[in-house]
Amino acid sequence: MIILPAIDMISGRPVRLYQGDYSRSEIVADSVLKTAETFAEAKAGYIHMVDLDGAKSGKRENAKLIAEAAQKLDVPVECGGGIRTMDDISWYIENGVSRVILGTAAINNEELLKEALARYGARIAVGMDCRGGYACSDGWLQSSKYYYIDFAKHLEELGVKNIIFTDISRDGTLSGPNLEMLANLKEAVSCDITASGGIRSVDDIRALKALGLYGAIIGKAIYTGDIDLNEAIAAAREAL
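Residues numbered from 1 in each chain as written. Predicted model: local features only at pLDDT ≥ 70, side-chain atom pairs only at ≥ 80, totals over all residues. Heavy atoms only, no water.

Novice: Quick question: what am I supposed to make of the packing of helix H1 (residues 32–41) against helix H3 (residues 63–72) here?
Specialist: The description of two packed helices rests on the angle between their axes and on the distance between the axes. Packing of H1 against H3 leaves a shortest axis separation of 10 Å and a crossing angle of 35°. The way H1 lies across H3 gives a crossing that is right-handed. In this structure, H1 contributes Val-32, Leu-33 and Ala-36 to the contact, and H3 contributes Leu-65, Glu-68, Ala-69 and Lys-72. (Axes fitted to C-alpha atoms, helices over the stretch in contact; angles between N-to-C directions. Helix = DSSP H or I, 4+ residues; strand = E, 2+ residues; numbered from the N terminus. Left-handed = near helix turned anticlockwise from the far one by under 90°. Contact = heavy atoms within 4.5 Å.)

Right, here's the structure in full:
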């Protein structure tokens, strides 16, 4: 399993939200690039970057910062937030991003998802951000009609290889990941599953690894010091 330390951005600064609430954002570092460099030095498997401004506006608000990090680092970068068009997807990939995450677009524009998969294949991931078991869009502000298991199966049928699952109620809370939902998801589809939301300890990393997941995104726990990134990476690489 790989570890993906997270950098979420508002107005060019690394922040963390609490349960997806933009009004409860907290600046957690001074520099996006310096934070990314620290994660790269720890040999993270990927760096997970999200343009939170873009997730709300549907535009590339912090794209230049993401591209700068992707071009300077020797660790691959995946990014999401505000990616609504093929032009957005192509811009990120042409500017050094290794994997592009579609969230709102995957819910609201299936034709775009199909076109992106046809052109870029496994370089397209889908972010499934759930509240009460249902996928949400528009920066987690809008709930959809799609139950997470049914949505995952449909994504698999379309050819999606990587699903990033976030239980919004756990995000930024340090309350532990939703192991039950993740286990159900892992059993339902053959896609690579990355866990996000609530991870608070190295024991959580070991529990996620035991589920056979592809990756674990760690955000707040790194910034608070609850998790040492090097220790988390070592735990993710341990033999079961």
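Novice: Which parts of the structure should I look at to understand H1?
Specialist: Listed in full, the buried residues belonging to H1 are Val-32, Leu-33, Thr-35, Ala-36, Phe-39 and Ala-40. One side of H1 holds all its buried residues, which, seen down the axis, span an arc of 160°. Exposed and facing more than 90 degrees away from the buried side of H1 are Lys-34 and Glu-41. Buried residues in H1 make contact with strand E1 (2–10), strand E2 (13–18), strand E4 (47–51), H3, helix H10 (220–224) and helix H11 (229–237). The N-capping residue of H1, defined by a side-chain oxygen 3.3 Å from the backbone nitrogen of Leu-33, is Ser-31. Immediately beyond the C-terminal end of H1, within one or two residues, lies Lys-43, with a positive phi of roughly 65°. (Buried < 20%, exposed > 50% of the residue type's maximum accessible area, 1.4 Å probe, protein only. Arc of directions from axis to C-beta. Polar contact = N/O pair within 3.5 Å; in protein donor to acceptor, adjacent residues only side chain to side chain.)

Novice: Looking at this structure, I do not really get the pattern of salt bridges. What am I missing?
Specialist: Opposite charge on two side chains allows them to pair when their charged atoms are near. Evaluation of the coordinates by the stated rule reveals 13 salt bridges. Taking the shortest distance from any N to any O, the salt bridge between Asp-30 and Arg-13 comes out at 3.8 Å. Highlighted residues: Asp-30 in the loop between strand E3 (21–27) and H1 and Arg-13 in strand E2, separated in sequence by 17 residues. Here Asp-30 falls in the exposed class, since its relative accessible area comes to 67%. Measuring nitrogen to oxygen at the nearest pair gives 3.6 Å for the salt bridge that ties Glu-111 to Lys-114. Pair noted here: Glu-111 and Lys-114 are both in helix H6 (residues 110–120), with a separation of 3 residues, about one helical turn. The class for Glu-111 is exposed, based on a relative accessible area of 53%. (Salt bridge = Lys/Arg side-chain N within 4 Å of Asp/Glu carboxyl O.)

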